Amino acid sequence: MPVECTLGQDCFIQNYVDRDPGSGVRDAGCGGLTYDGHKGTDFALLTEAQMQAGVQVIAAAPGRVIATRDGEPDGAYASGLTVSGKECGNGITIDLGHGWQTQYCHLREGSISVNRGDRVKAGEPLGLVGQSGQAEFPHLHLSLRHEDTVVDPFDPDMQDACASDATQTLWTAPITYRPSGWLDAGLTATVPRFETILAGAPLPPPSDTAPALILWGYGFGLRTGDTIGFEITGPDGISIRTTSEVDASKARFFRYVGKKAPPGGWPKGRYDGQITLSRDGAVIARRTLTARID
């Protein structure tokens, strides 16, 4: 792992190497969690607050630093500024020997802690995850090359078949391929904006005087035809259930359901929420949570 985080908890893989040689897209699992010509693996943070707090980028393999760049502002591309010629943003290239190289892109401005010529060990800190260069969200883009040819660490032989056997990857501790999933969910008193969720800002908790009760979910890898289900149950027979079919694929997505407060306010007690993501009739991701109104 090139980032000090736990996949599925505080980070996730947003994009894999594009394996399709033409104008289409295909990741190592024969899914579509990539985009045309993508040459690396994107380890994304859940929120901007994590980036500001600092999440360490570490060397995935030992080698010698042969190039670095720092001083590029975070969020420039998302703000509409040009990053032509500096798409990697603040980055590091490490020569692993025998024609192999790793490149680390989009690090946080001013965070790079190694210099050209340094020898680094696997696991050694290199800098912090950022949003510099051509980055729409905080993440590390890790690219692996052999003799200037891109290699997918999830399927180093670059075969046409889907990479389903984790033991055939280049990761020391096998990383499970996940094409979709929930990243976060919550019960809150007001309708949140997706920008608020991505920023990691606090949300008002449910209360007996809250104007509404909202169950929200934040996920990745949504595909056309998927079904999203929401369920809220509470005291005095409170029950909210909805299901909806997805009409467009999305790399990241945000959905919510809710209900206005009943006359006299919300009854006190325990409230349970559940969100599901289903594909081809089977649930592939589920989140459950509880909240109390006292």
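Residues numbered from 1 in each chain as written. Predicted model: local features only at pLDDT ≥ 70, side-chain atom pairs only at ≥ 80, totals over all residues. Heavy atoms only, no water.

**Regarding the overall build of the protein**
Helices and strands together make up the secondary structure of the protein, namely 2 helices and 17 strands. By the compact-globule yardstick of 19 Å for 294 residues, the protein fits well, its C-alpha radius of gyration being 21 Å. Structurally, the protein occupies a C-alpha span of about 70 × 40 × 35 Å along its principal axes. For the protein, the proportion of its 294 residues judged to be buried stands at 46%. Taking as baseline every contact in the protein between residues at least 6 positions apart, the subset at least 24 positions apart corresponds to 67%. Put simply, the protein shows about 14,200 Å² of open surface, and 47% of that area lies on carbon and sulfur atoms. Distance between charge centres in the protein, computed from 26 positive and 35 negative side chains, equals 5 Å. (Helix = DSSP H or I, 4+ residues; strand = E, 2+ residues; numbered from the N terminus. Rg over C-alpha atoms; globule rule 2.2 N^0.38 Å. Buried < 20%, exposed > 50% of the residue type's maximum accessible area, 1.4 Å probe, protein only. Contact = heavy atoms within 4.5 Å. Areas by Shrake-Rupley, 256 points an atom, 1.4 Å probe, with all protein chains shown as cover. Lys, Arg positive; Asp, Glu negative; His and termini not counted. Charge placed at Lys NZ, Arg CZ, Asp CG, Glu CD.)

**Looking at the side chain of His141**
Tracing the sequence through the fold places His141 in strand β9 (residues 139-146). In terms of polar contacts, His141 uses its side chain to reach the side chain of Asp42, at 3.0 Å. Every residue in contact with His141, bar those within four places of it in the chain, is listed here: His38, Lys39, Gly40, Thr41, Asp42, Gln103, Tyr104, Cys105 and His106. (Polar contact = N/O pair within 3.5 Å; in protein donor to acceptor, adjacent residues only side chain to side chain.)

**Some points on the pattern of salt bridges**
Taken as a whole and assessed by the stated rule, the structure comprises 8 salt bridges. For Asp155, the salt bridge identified is with Arg19, shortest N-O distance 3.2 Å. Residue Asp155 is found in the loop between β10 (149-150) and β11 (181-188), and its partner Arg19 is found in the loop between β1 (11-15) and β2 (41-45); the two are separated by 136 residues along the sequence. With respect to class, Asp155 is no different from Arg19; both count as buried. A salt bridge links Arg292 to Asp294, with the shortest nitrogen-to-oxygen separation between them at 3.4 Å. With respect to class, Arg292 is no different from Asp294; both count as exposed. Each of Arg19, Asp152 and Asp155 takes part in a single network of salt bridges with overlapping partners. (Salt bridge = Lys/Arg side-chain N within 4 Å of Asp/Glu carboxyl O.)

**Things to note about the nonpolar core**
In terms of nonpolar packing, the biggest core is built from 39 residues, with Ile92, Tyr104, Leu126 and Tyr218 touching the most fellow members. Broken down by secondary-structure element, the contributors of at least two residues to this core are β1, β2, β5 (90-97), β6 (100-107), β9, α2 (194-199) and β12 (212-222). Listed in part, the 24 residues of the second largest apolar core include Ile232, Ile238, Val246 and Ile275. (Core = buried A, V, L, I, M, F, W, Y, C linked by side-chain atoms within 4.5 Å.)

**Focus: the sheet that holds strand β17 (residues 282-293)**
The 4 strands are arranged β14-β13-β16-β17 in an open sheet whose pairing can be described as antiparallel. In the strand order of this sheet, the two ends are held by β14 (239-245) and β17, each with one partner. With direction set aside, neighbouring strand axes in the sheet form an average angle of 10°. Alignment of strand β13 (residues 227-233) against β14, held across 7 bridges, turns out to be antiparallel. Residue pairing in the sheet places Ile232 in a bridge with Ile240 of β14. (Pairing = 2+ DSSP bridges. Axes fitted to C-alpha atoms, helices over the stretch in contact; angles between N-to-C directions.)

**Digging into the environment of Val151**
Turning to its location among the elements, Val151 is positioned in the loop between β10 and β11. Along the sequence, Val151 and Ile293 sit 142 residues apart, while their C-alpha atoms lie 52 Å from each other. In this structure, Val151 is in contact with Trp100, Leu144, Arg145, His146, Pro156, Met158 and Leu170, ignoring residues within four places of it in sequence.

**Side note on the packing of aromatic side chains**
Taken as a whole, this structure holds 11 aromatic pairs when the rule is applied. Measuring from centroid to centroid gives 5.9 Å for Phe254 and Tyr256, while their planes differ by 40°, and the two rings are tilted. Through successive ring pairs, a cluster of aromatic residues spans Tyr16, Phe43, Phe154, Trp171 and Tyr177. (Phe/Tyr/Trp six-rings, centres within 6.5 Å; stacked < 30°, edge-to-face > 60°.)

**Details of the sheet that holds strand β15 (residues 250-260)**
Taken in spatial order, the 3 strands line up as β11-β12-β15 in an open sheet, and their pairing is antiparallel. Strand pairing shows two members of the sheet lacking a second neighbour, β11 and β15, which therefore form its edges. Between one strand and the next, the sheet's axes are offset by a mean angle of 10°, whatever the strand orientation. By the bridge criterion, 10 bridges tie β12 to β15 in an arrangement that is antiparallel. From the neighbouring strand, Ala212 faces β15, where its bridge partner is Lys260.

**Quick notes on unusual backbone geometry**
Even without being glycine, His106 reaches a positive phi, approximately 75°. Take His106: it is sitting in strand β6. Note on His106: relative accessible area 6%, which makes it buried.

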